[in-house]
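Structural overview
Next come the chains, spelled out residue by residue.
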Amino acid sequence: MEGEVGVRRMKLGSQGLEVSAQGLGCMGMSAFYGPPKPESDMIALIHHAIDKGITFFDTSDFYGPFTNEILLGKGLIGRREKVELATKFAVYIVDGKFEVRGDPEYVRAACEASLKRLQVDYIDLYYQHRVDTRVPIEVTMGELKKLVEEGKIKYIGLSEASASTIRRAHAVHPITAVQLEWSLWTRDVEEDIIPTCRELGIGIVPYSPLGRGFLSYGPKLVDNLANNDYRKMLPRFQPDNLEHNKFVFERVNEMAVRKGCTPSQLALAWVHHQGSDVCPIPGTTKIENLNQNIGALSVKLTADELAELESLASADAVKGDRYDGPSMTWKESETPYLSS
């Protein structure tokens, strides 16, 4: 696509899924990052994204819960065939506690419910949002494979899964994409998970490629967050860690000034430069930010510039964990093996 649109297409994974080279994470429209945004504004944003060539939309039944899927469903009425729709299952809250389920009965019920909320008859990419460590991954995948055979989902994904979990899942049915946190301030996936995906021909979908907004605004981001914004609880945004982490932002910002782009665009361009199998899904609720994110696709980085960015944002440059609780990441995602 040339001219005004300018968002190239890419193959995600090896099974035939094609998406825009940048997606749109929809979570913040409805949940976790302050109060839900006005529905009409968010539908206008979704339509604007499609008009600009962003066709890969990411949601989950956990966002709201449920309200983000309903919103996206409304936004895609009359536009379904223009987009690639990704949603997720497995995570829910019971009595204030984070729960994960991957048993076949739950997988099927969750899929049916998402189809209804999204007002669609199939989901392009269906992820297990977090891995249920009580259920062998082969069992969860067996049910997902049936949903593919029935035409309810087209492709299967995993989110925050370990390398061994990815391998075991992929042996049951090809995994098209793995969603993971990857940015200049989250690089632990580079050691084991990224190489595993590449070996198996699995697409890589980085969420929070702008460090949950930190790589856009730096420490002042925290001053402007709503009281109920989930980021206020995260370890990296606590005062002592923030004081340390601001140096990463300051150096990214200095380089962006030299490049004539914004720090957001530079940070996002770095993710885009990680490979032709990488499709980041920055989230936003503002049209001007969406336009800016699309602009990152035309920021070109030399080998020297990539090396400079990587040296200032090395794996140990950031203080604080990504999450404030257990069972949120791939580090705790191993499942039992099937008994023979």
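Residues numbered from 1 in each chain as written. Predicted model: local features only at pLDDT ≥ 70, side-chain atom pairs only at ≥ 80, totals over all residues. Heavy atoms only, no water.

1. Quick look at the side chain of Asp229
When you line up the elements, Asp229 lands in the loop between α9 (220-223) and α10 (239-259). The class of Asp229 is buried, set by a relative accessible area of 4%. Residues within four places of Asp229 in sequence aside, it is in contact with Phe32, Tyr33 and Gly34. (Helix = DSSP H or I, 4+ residues; strand = E, 2+ residues; numbered from the N terminus. Buried < 20%, exposed > 50% of the residue type's maximum accessible area, 1.4 Å probe, protein only. Contact = heavy atoms within 4.5 Å.)

2. Considerations on unusual backbone geometry
Generally, phi is negative for residues other than glycine and the peptide bonds are trans, each holding for most cases. In the segment running from Gly64 into Pro65, the intervening peptide bond is cis, with an omega of 0°. Tracing the sequence through the fold places Pro65 in the loop between β4 (56-58) and α3 (67-75). Of note in this structure, Ser208 is not a glycine but carries a positive phi near 50°. Assignment of secondary structure puts Ser208 in the loop between β11 (203-207) and α8 (214-217). With a phi close to 55°, Arg212 is a non-glycine residue in the positive phi region.

3. Observations concerning the pattern of salt bridges
Summed over all chains, the structure comprises 23 salt bridges. Each of Arg108, Glu112, Glu143, Lys146, Glu150 and Lys152 takes part in a single network of salt bridges with overlapping partners. (Salt bridge = Lys/Arg side-chain N within 4 Å of Asp/Glu carboxyl O.)

4. As for the nonpolar core
Generally speaking, a soluble globular protein has its nonpolar side chains buried in company with each other. If you look at the biggest cluster of nonpolar residues, it comprises 103 residues, and the most contacted ones within it are Leu12, Phe56, Phe57, Leu125, Leu144 and Leu309. With residues near it in sequence (within four places) discarded, Leu309 still touches Leu184, Val252, Met255, Leu266, Trp270 and Leu301. (Core = buried A, V, L, I, M, F, W, Y, C linked by side-chain atoms within 4.5 Å.)

5. Let's talk about empty space enclosed by the protein
Evaluated as defined, the whole model comprises one cavity of 30 Å³ or more. Contributing to the lining of the largest cavity are Glu181, Trp185, Gly211, Arg212, Leu234, Arg236, Phe237, Asp321 and Arg322. Per-class residue counts for the lining of the largest cavity are three nonpolar, one polar and five charged. (1 Å grid on protein atoms, 1.4 Å probe; cavity = no way out; pocket = protein on both sides within 12 Å on 5 of 7 lines; lining within 4 Å. Points joined across faces, edges and corners; volume = space filled by probe spheres on them. Nonpolar A, V, L, I, M, F, W, Y, C, P; charged D, E, K, R; others polar.)

6. Remarks on the UniProt feature "domain: NADP-dependent oxidoreductase" (unreviewed entry) in the protein chain
Residues annotated in UniProt with the feature "domain: NADP-dependent oxidoreductase" (unreviewed entry) correspond here to residues 26-312. This span, residues 26-312, is 46% helix and 14% strand, and a straight line between its end C-alpha atoms measures 30 Å. (UniProt positions renumbered as here; feature names shortened; annotations may be inferred.)

7. Let's talk about the sheet that holds strand β3 (residues 24-25)
Read across the sheet, seven strands follow the order β3-β4-β5-β8-β9-β10-β11 without closing on themselves; strand pairing throughout is parallel. For this open sheet the edge positions go to β3 and β11, each flanked by a neighbour on one side alone. Summarising the sheet, strand β10 (residues 177-181) and β11 pair through five bridges and their orientation is parallel. When the sheet's bridge partners are listed, Glu181 is paired in β11 with Tyr207. (Pairing = 2+ DSSP bridges.)

8. Structural notes on the environment of Gln22
For Gln22, the position within the fold is in the loop between β2 (17-20) and β3. Using a relative accessible area of 1% as the deciding quantity, one classes Gln22 as buried. Distance in space between the C-alpha atoms of Gln22 and Pro219 is 26 Å, their sequence separation being 197 residues. Contact partners of Gln22, with chain neighbours within four places excluded, come to Val7, Ile54, Leu268, His272, Cys279, Pro280, Pro282, Asn293, Ile294 and Leu297. Polar side-chain contacts of Gln22 include one of 3.0 Å to the side chain of His272. Of the polar contacts made by the side chain of Gln22, one reaches the backbone oxygen of Asn293; its length is 3.0 Å. (Polar contact = N/O pair within 3.5 Å; in protein donor to acceptor, adjacent residues only side chain to side chain.)

9. Here we look at the packing of helix α4 (residues 104-118) against helix α5 (residues 137-149)
Between α4 and α5, whose axes approach to 8 Å, the crossing angle comes to 35°. Note on packing geometry: the crossing formed by α4 with α5 is right-handed. Between α4 and α5, the contacting residues are Pro104, Val107, Arg108 and Cys111 on the first element and Val139, Thr140, Glu143, Leu144, Lys146 and Leu147 on the second. (Axes fitted to C-alpha atoms, helices over the stretch in contact; angles between N-to-C directions. Left-handed = near helix turned anticlockwise from the far one by under 90°.)

10. Brief notes about the packing of aromatic side chains
Under the counting rule described, the total for this entry stands at 11 aromatic pairs. Ring geometry for Phe214 versus Phe249: centroids 6.2 Å apart, planes at 65°, classification edge-to-face. Residue Phe214 is located in helix α8, and its partner Phe249 is located in helix α10; the two are separated by 35 residues in the primary sequence. Exposure remark for Phe214: the relative accessible area of 0% places this residue in the buried category. Classification of Phe249 as buried rests on a relative accessible area of 11%. (Phe/Tyr/Trp six-rings, centres within 6.5 Å; stacked < 30°, edge-to-face > 60°.)

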